[in-house]
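Descriptive analysis of the structure
Residues per chain, in single letters:
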Amino acid sequence: MFLIFLKFADKSRAPDLMAAHNAWLSQGFDDGAFLVSGTLQPGLGGAILATEKSRATIEARIAADPFVAQGVVTPEIHEITASKANPRLDFLLA
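Note that the coordinates shown come from a computational prediction; the quantities given were computed from them, not determined experimentally.

Bringing the sheet that holds strand S1 (residues 2-8) into the picture now. Ordered in space as S2-S3-S1-S4, the 4 strands form an open sheet in which the pairing is antiparallel. One side of each edge strand has no neighbouring strand; the edge strands of this open sheet are strand S2 (34-40) and strand S4 (73-79). In this sheet, adjacent strand axes meet at a mean angle of 15° when their direction is disregarded. Where S2 lies against strand S3 (residues 45-50), 6 bridges are found, and the strand directions are antiparallel. Residue pairing for S3: Phe 34 is matched across the bridge by Ala 50. Helix H1 (residues 14-30) contacts S1, S2 and S3 of the sheet and is inclined by roughly 155° relative to S2. Strand contacts of helix H2 (residues 55-63): S1, S2, S3 and S4, with the helix running at about 160° to S4, the strand carrying the most contacts.

The next point concerns the pattern of salt bridges. By the definition in use, this model includes 4 salt bridges. A salt bridge links Asp 31 to Arg 61; the shortest N-O distance between them is 3.1 Å. Remark: Arg 61 occurs in helix H2 and Asp 31 occurs in the loop between H1 and S2; sequence separation between them is 30 residues. The partner of Glu 59 in a salt bridge is Arg 55, with the nearest N and O atoms 2.9 Å apart. Remark: Arg 55 and Glu 59 occur in helix H2; sequence separation between them is 4 residues, near one turn of the helix. The class of Glu 59 is partly exposed, set by a relative accessible area of 37%. Overall, Arg 55 belongs to the partly exposed group, its relative accessible area being 34%.

What follows concerns the environment of Ser 12. For Ser 12, the position within the fold is in the loop between S1 and H1. Separated by 60 residues in the primary sequence, Ser 12 and Val 72 place their C-alpha atoms 8.1 Å from one another. A polar side-chain atom of Ser 12 sits 2.7 Å from a polar atom in the side chain of Asp 10.

Below, the discussion takes up the nonpolar core. Ile 4, Leu 6, Phe 34, Ile 48, Ile 58 and Ile 62 are the most contacted members of the largest nonpolar core, which has 18 residues in total. When residues in this core are grouped by element, the largest group, 4 residues, is from H1. Residues within four places of Ile 58 in sequence aside, it is in contact with Phe 2, Ile 4, Ala 50, Glu 52 and Ile 77.

So, how was this worked out
Residues numbered from 1 in each chain as written. Predicted model: local features only at pLDDT ≥ 70, side-chain atom pairs only at ≥ 80, totals over all residues. Heavy atoms only, no water. Pairing = 2+ DSSP bridges. Helix = DSSP H or I, 4+ residues; strand = E, 2+ residues; numbered from the N terminus. Axes fitted to C-alpha atoms, helices over the stretch in contact; angles between N-to-C directions. Contact = heavy atoms within 4.5 Å. Salt bridge = Lys/Arg side-chain N within 4 Å of Asp/Glu carboxyl O. Buried < 20%, exposed > 50% of the residue type's maximum accessible area, 1.4 Å probe, protein only. Polar contact = N/O pair within 3.5 Å; in protein donor to acceptor, adjacent residues only side chain to side chain. Core = buried A, V, L, I, M, F, W, Y, C linked by side-chain atoms within 4.5 Å.

In short, the description is geometric, and any link to function would need to be established separately.
And the structure:
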C-alpha cells in the first residue's frame, strides 16, 4: 500500500490543469488503484491512499498525473506495510 503526498510547487497553474488531474484521479479509482484521495489542509496539495503491485508501478502512475508532469505538485511516495486495521478495513491487509 502507498501513501502519496502531492505538495504544491506552483499552485498558480493548478486551475488550468484541474480537469486533466481530476480525470487522472478518476482513472486511478476506476482501475482500483486508488482507495482514498483528498486535500492536504490548508490547501497545501493532495494525498492519495493507493494499492499497486509494485513501487515502480505506482511511480509510473503518479508520474502520469498532469499536475506532476507539469510541475504543479511534487510527489512524495511512502510505502506502507499494513499489519493491523480496523475490521472494516481488513481487506487492506491481504
